[in-house]
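# Fold and geometry: a report
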Amino acid sequence: MPKPYTPNDKWSQKAAELGYRARSVFKLMELDERYKLLRPGMNVLDLGAAPGSWLQYASERVGTKGIAIGLDLEAIEPIAKNVRTAKADALNPTEVREKLQAFLPEGSSIDIVLSDMAPKTSGIKNVDQWKSVELGTAAAAVAYELLGPGRFCVLKIFRGADFDAFLAGLKNDWDVRVKKAQASRDRSFEVYLVMKRKGRK
């Protein structure tokens with residue numbers, strides 16, 4: 001079970017007041033408002049979803065005709081009737097596919113992939129950034145397999161020495177925009193990549 005957090009800044013306090021599990025919900029809200037990512041009836045895959053604030057928001061946006069699926073190494077406390085969660089490793093494509101097959105109605109597919117995954121930080125910036133790129137690479141691979149042209153994927157990535165090469169590689173298959181969220185901590189070097197799948201060649 002995820003540990004409860006103690007509100008210690010305006011975003012955390014606002015999240016607690018509104019009933020969201022983490023301040024990170026406002027990052028997704030901002031991206032959604034700007035890029036119109038989520039709509040009623042969509043099927044959403046959220047990688048690294050614990051403790052579940054992105055799932056809470058996605059559940060509200062997709063409504064009763066949509067499904068929000070959250071996968072994480074940690075268990076996620078129940079959220080809503082249209083939310084499905086499971087323990088799974090996003091670095092293991094087979095695990096991801098198995099969970100999706102169990103959760104998605106026959107004949108339906110994922111409409112958007114979200115990933116707020118981040119490594120457990122060591123305090124060594126280059127190491128943490130490299131691990132972040134590793135997670136981002138895995139999430140992008142899952143999204144590439146699941147999404148058709150015009151579909152969106154949102155990834156959190158730490159900027160650093162490997163960032164430019166990672167970004168350049170993504171642009172072969174995605175139209176990519178880089179966004180620093182207002183709710184990100186000032187000292188954080190995280191950014192979000194809002195990626196739209198290009199047409200298949």
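Residues numbered from 1 in each chain as written. Predicted model: local features only at pLDDT ≥ 70, side-chain atom pairs only at ≥ 80, totals over all residues. Heavy atoms only, no water.

## As for the sheet that holds strand β2 (residues 67-72)
Going by this rule: By this definition, two strands are paired if DSSP reports at least two bridges between them. We count a stretch as a helix when DSSP gives it H or I for four or more residues in a row; a strand needs E for two or more, and each element gets its number in order from the N terminus. Helix axes are fitted to C-alpha atoms over the stretch in contact, other axes to C-alpha atoms as well, and angles between N-to-C directions run from 0 to 180 degrees. Between two residues, a contact is recorded if the distance between any of their heavy atoms is within 4.5 Å.
Across the sheet, which stays open at both edges, the 7 strands sit in the order β3-β2-β1-β4-β5-β7-β6 with mixed pairing between neighbours. With one partner strand each, in any of the chains shown, β3 (83-87) and β6 (174-179) form the two edges of the open sheet. Pairwise comparison of adjacent strand axes, ignoring direction, gives a mean angle of 20° for this sheet. One ladder, built from 5 bridges, connects strand β1 (residues 43-47) with β2; its direction is parallel. When the sheet's bridge partners are listed, Asn 43 is paired in β2 with Ile 67. Contacts between helix α3 (residues 53-62) and the sheet are confined to β1, β2, β3, β4 (112-115), β5 (152-158) and β7 (190-197), with β2 contributing the most and set at about 165° to the helix. Packing against the sheet, helix α6 (residues 163-170) makes contact with β5, β6 and β7, and its axis sits at approximately 15° to β7.

## Focus on the pattern of salt bridges
Working definition: two side chains of opposite charge can pair if their charged atoms are close together. As a reminder, the rule being used: Note on definitions: salt bridges are taken to be side-chain nitrogens of Lys or Arg within 4 Å of carboxyl oxygens of Asp or Glu. Burial status follows relative accessibility: with a 1.4 Å probe on protein chains alone, a residue under 20% of its type maximum counts as buried, one over 50% as exposed, and anything between as partly exposed.
Taken as a whole and assessed by the stated rule, the structure comprises 7 salt bridges. Between Lys 156 and Asp 116 there is a salt bridge; the shortest N-O distance is 3.3 Å. With a gap of 40 residues between them, Lys 156 in strand β5 and Asp 116 in the loop between β4 and α5 (125-146) connect regions that are remote in the sequence. We classify Lys 156 as buried; its relative accessible area is 10%. Classification of Asp 116 as buried rests on a relative accessible area of 15%. With its nearest N and O atoms 3.6 Å apart, the salt bridge here joins Lys 156 to Glu 190. With Lys 156 in strand β5 and Glu 190 in strand β7, the pair connects residues that are 34 residues apart, well separated along the chain. With a relative accessible area of 6%, Glu 190 lands in the buried category. Shared partners join several salt bridges into a network, and the residues in it are Lys 27, Asp 116, Lys 156 and Glu 190.

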